[in-house]
Amino acid sequence: MENPYPPIARYLRERRESAGLTRAALSAAAGISPALIQKIEQGTRPPTLEALTALFDALTVPEVMRDHLISLSITSRYDPVSPPLVRPADQVLLDGITHPASLQMHPTFDVVATNAAWGLFFPGLETGISMLEWMLLDPRAKTALVDWEQQVHMCVYGFRVMGPGLASQQRIAEIVEACTTAPEWTKFWTSDPAAPHSLDDPVMYCRDPRTGATTAMTVHSLGASLIPRREWSLVVYAPKQID
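Calculation rules
Residues numbered from 1 in each chain as written. Predicted model: local features only at pLDDT ≥ 70, side-chain atom pairs only at ≥ 80, totals over all residues. Heavy atoms only, no water. Helix = DSSP H or I, 4+ residues; strand = E, 2+ residues; numbered from the N terminus. Expected span 1.5 Å × (residues − 1). Buried < 20%, exposed > 50% of the residue type's maximum accessible area, 1.4 Å probe, protein only. Axes fitted to C-alpha atoms, helices over the stretch in contact; angles between N-to-C directions. Parallel < 35°, antiparallel > 145°, perpendicular 65-115°, else oblique. Contact = heavy atoms within 4.5 Å. Salt bridge = Lys/Arg side-chain N within 4 Å of Asp/Glu carboxyl O. Pairing = 2+ DSSP bridges. Core = buried A, V, L, I, M, F, W, Y, C linked by side-chain atoms within 4.5 Å. pLDDT = per-residue confidence, 0-100.

**With respect to helix 10 (residues 148-162)**
Taking 1.5 Å per residue, 15 residues should reach 21 Å; helix 10 reaches 21 Å between its end C-alpha atoms and fits that length. For helix 10, the buried fraction is high: 13 of the 15 residues fall into the buried class.

**Description of the packing of helix 2 (residues 23-30) against helix 3 (residues 34-42)**
Here helix 2 crosses helix 3 at 110°, and the two axes come no closer than 9 Å. In terms of orientation, helix 2 lies roughly perpendicular with respect to helix 3. Residue-level inspection shows Arg23, Ala24, Leu26 and Ser27 of helix 2 in contact with helix 3, the latter providing Pro34, Ile37, Gln38 and Glu41.

**Some points on the pattern of salt bridges**
Counted under the stated rule, the structure contains twelve salt bridges. With a shortest N-O distance of 3.4 Å, Glu133 and Arg171 are connected by a salt bridge. With Glu133 in helix 8 (residues 131-137) and Arg171 in helix 11 (residues 169-179), the pair connects residues that are 38 residues apart, well separated along the chain. The two residues Glu133 and Arg171 agree in class, both being buried.

**As for the pairing of strand 5 (residues 233-239)**
Among the seven residues of strand 5, six are classified as buried, and the element is accordingly described as predominantly covered. Inspection of the sheet shows strand 1 (residues 101-105) paired to strand 5 by four bridges, in the antiparallel sense. Residue pairing for strand 5: Leu103 is matched across the bridge by Leu234. Here seven bridges tie strand 4 (residues 214-223) to strand 5, and the two strands are oriented antiparallel to one another.

**As for the nonpolar core**
General note: in soluble globular proteins, nonpolar side chains tend to be found buried as a group. Ranked by size, the top nonpolar core spans 32 residues in total, and within it Phe122, Met135, Leu136 and Tyr237 carry the most contacts. With residues up to four places along the chain from it excluded, the contact list for Tyr237 reads His99, Pro100, Trp118, Phe122, Met131, Met204, Met217, Thr218 and Val219. Counting 20 residues, the second largest nonpolar core, distinct from the first, contains Leu26, Leu55, Phe56 and Tyr157.

**Some thoughts on the confidence of the model for the chain**
In this model, the chain carries a mean pLDDT of 86, and residues with pLDDT of at least 70 account for 87%. For residues 77-81, every residue scores under 50 in pLDDT, and the model assigns this stretch three contacts once sequence neighbours within four places are set aside.

**Observations concerning the sheet that holds strand 3 (residues 203-207)**
Pairing is antiparallel across the open sheet formed by five strands, whose spatial order is 2-1-5-4-3. Edge positions in the open sheet fall to strand 2 (110-114) and strand 3, since each of these has one partner strand only. Adjacent strand axes in the sheet meet at a mean angle of 35° when their direction is disregarded. Pairing of strand 1 with strand 2 involves four bridges; the strand directions are antiparallel. Looking at the pairing, Gln104 lines up with Val111 of strand 2. In this fold helix 6 (residues 88-95) packs onto strand 1, strand 2 and strand 5, with an angle of close to 80° to the strand it touches most, strand 2.

**Examining unusual backbone geometry**
Here the bond from His106 into Pro107 is cis, since omega is 15°, no more than 30 degrees from zero. By the secondary structure assignment, Pro107 is in the loop between strand 1 and strand 2. Located in the positive-phi region is Thr60, a residue other than glycine, with phi close to 45°. The topology assignment puts Thr60 in the loop between helix 4 (49-59) and helix 5 (63-74). Given the relative accessible area of 56%, Thr60 is considered exposed.

If you want it as structure tokens, here you go:
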């Protein structure tokens, strides 16, 4: 298992800096000493759950990132998971969903199973391919995703921030090596995306393959941590309901 603490340290430091806060200002807001904040940001002191919670609140960290960083902080206590297993019953569940759906490994966005609607909306994004590779290397992605640049930038950012500590260095290196052939890769990899409308309510604008119309799709990423335990997440794109 990769060391999980450097990614946590980097994210918290970048979050503080992007908010324009000094360590002293963050200390006052979180109730944690500047010295401890410095050690956490340098990766020399593993943060406790209490310290993480206080920093999350002070830095208004989105829920999805809170969940990720907490799971990352405890991942070293467990043995690495086995390769993803898709059982026949899992495929039946997937095939019963009318909207585009797939089973994916995060944070590498590796697709391990898809349904028929997925193939229509995202041609070429098949089992065994990372969504990142498809977005950057398959020209059909720019047609399928109306907001292609924003979505790619967000996925690359998530991969860069969440990958170390959860994904193997070998898989990270494979994806990076493949994606570096895309002319836009360096810009996406070395910069942070514009803040999205909501990380906790993600929306992607897709082109309906039947009509060609732009369709706002809410992205649902559902993990299975209880029985039956799965290492992958169920990812479903459903038309966004207008309030």
